[in-house]
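Per-entry structural report
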Amino acid sequence: DTAVSQTPKYLVTQMGNDKSIKCEQNLGHDTMYWYKQDSKKFLKIMFSYNNKELIINETVPNRFSPKSPDKAHLNLHINSLELGDSAVYFCASSRRIPSGRTTDTQYFGPGTRLTVL
Amino acid sequence: KNQVEQSPQSLIILEGKNCTLQCNYTVSPFSNLRWYKQDTGRGPVSLTIMTFSENTKSNGRYTATLDADTKQSSLHITASQLSDSASYICVVRGDSGGGADGLTFGKGTHLIIQP
């Protein structure tokens, strides 16, 4: 039943480690996103993937890399974790309207709370 | 620079009362505006989407308005319930710029409904 799922829900790790967060959607959408929500609850988009191509890359450190094995998955890899990476990370998906650049409503996953010690 | 400003930052009201949340934006050219509801510990869920030609849209007890001339939107909640306690995020899509995929996010209004 779950439309957009993420694992793990919680992730606690030490500074300097490398970790991954997985995301899967079963909505048949062709665009997937990763967002970071900081302690002030401000959502910031990090990446979006459309048809296995990275189409938007915000000014995030290159320690963050999205990997899409297929249209239904967009995983987030983070290398050399830093204290400032602690946040809630949300995956989302949407359908790209063929006629233009705009996409349909985004459906968000439940989030992954990352804590870097 | 495209911006979305929401007010108030937080709001506490009694159950059963009405309230109105505000969203002002400078995104141009404008494509559409969405209101999302984010419950604590969950991802945002879309409430309404409005395009340039729409000035009001309802979803149950939620009614969104849009004034494209003044670049303002509001979300009115009628007869509030405890389950309305959440953050409400205004997101504006422009046809160019405005961040990734043309989206500019507001910082949200944190609404608390007290019994």
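See the structure printed just above.
Attention here is on the structure that accompanies the text. (Residues numbered from 1 in each chain as written. Chains lettered and ligands numbered in written order. Predicted model: local features only at pLDDT ≥ 70, side-chain atom pairs only at ≥ 80, totals over all residues. Heavy atoms only, no water.)

Another aspect to go through is the nonpolar core. Ranked by internal contacts, the top residues of the largest apolar core, which has 24 residues, are Y25(B), L33(B), W35(B), L75(B), Y88(B) and V92(B). Looking at this core, the elements that each hand over two or more residues are β3 (19–25), β4 (30–38), β5 (45–51), β7 (62–67), β8 (72–77), β9 (86–94) and β11 (109–114) of chain B. Contacts of Y88(B), omitting those with residues within four sequence positions, involve Q6(B), L21(B), W35(B), Y36(B), K37(B), L47(B), Y62(B), L75(B), I77(B), G108(B), T109(B) and L111(B). L11(A), C23(A), Y49(A) and L114(A) belong to the second largest nonpolar core, which has 19 residues in total. (Core = buried A, V, L, I, M, F, W, Y, C linked by side-chain atoms within 4.5 Å. Buried < 20%, exposed > 50% of the residue type's maximum accessible area, 1.4 Å probe, protein only. Helix = DSSP H or I, 4+ residues; strand = E, 2+ residues; numbered from the N terminus. Contact = heavy atoms within 4.5 Å.)

Take a positive patch on the surface next. Among the surface-exposed residues, K9(A), K41(A), R113(A) and R42(B) lie close enough to one another that they form a single positively charged patch. As for its position among the elements, R42(B) is in the loop between β4 and β5. Judged by its relative accessible area of 55%, R42(B) falls in the exposed class. (Patch = residues over 30% accessible without salt bridge, like charges linked within 9 Å, V, L, I, M, F, W, Y side chains within 5 Å. Areas by Shrake-Rupley, 256 points an atom, 1.4 Å probe, with all protein chains shown as cover. Salt bridge = Lys/Arg side-chain N within 4 Å of Asp/Glu carboxyl O. Lys, Arg positive; Asp, Glu negative; His and termini not counted. Charge placed at Lys NZ, Arg CZ, Asp CG, Glu CD.)

Let's shift gears to the pattern of salt bridges. Under the counting rule described, the total for this entry stands at 5 salt bridges over all chains. As a salt-bridge pair, K37(B) and D39(B) come within 3.7 Å of each other at their nearest N and O atoms.

Residues and elements named next belong to chain B. A sheet is described by the order of its strands in space; here 5 strands give the open sequence β1-β3-β8-β7-β6, paired in antiparallel fashion. One side of each edge strand has no neighbouring strand; the edge strands of this open sheet are β1 (4–7) and β6 (56–59). Direction aside, neighbouring strands of the sheet carry axes that sit 15 degrees apart on average. Here β6 pairs with β7 via 4 bridges, running antiparallel. Within β7, the position partnered with N59 by the bridge is Y62. (Pairing = 2+ DSSP bridges. Axes fitted to C-alpha atoms, helices over the stretch in contact; angles between N-to-C directions.)

There is about 410 Å³ of room inside the second largest pocket. Every residue lining the second largest pocket is counted, 21 residues in all, and those nearest its centre are Q37(A), K41(A), V88(A), R113(A) and G41(B). Here the element with the most residues in the lining of the second largest pocket is strand β9 (residues 87–94) of chain A; it accounts for 3 residues. (1 Å grid on protein atoms, 1.4 Å probe; cavity = no way out; pocket = protein on both sides within 12 Å on 5 of 7 lines; lining within 4 Å. Points joined across faces, edges and corners; volume = space filled by probe spheres on them.)

What follows is about the side chain of N50(A). Residues and elements named next belong to chain A. Within the fold, N50 resides in strand β5 (residues 43–50). One polar contact links the side chain of N50 to the main-chain carbonyl oxygen of D30, over a distance of 3.3 Å. For N50, the contacting residues outside a window of four places in its chain are D30, T31, I55 and R96. (Polar contact = N/O pair within 3.5 Å; in protein donor to acceptor, adjacent residues only side chain to side chain.)

Geometric descriptors of this kind do not, in isolation, establish any biological role.
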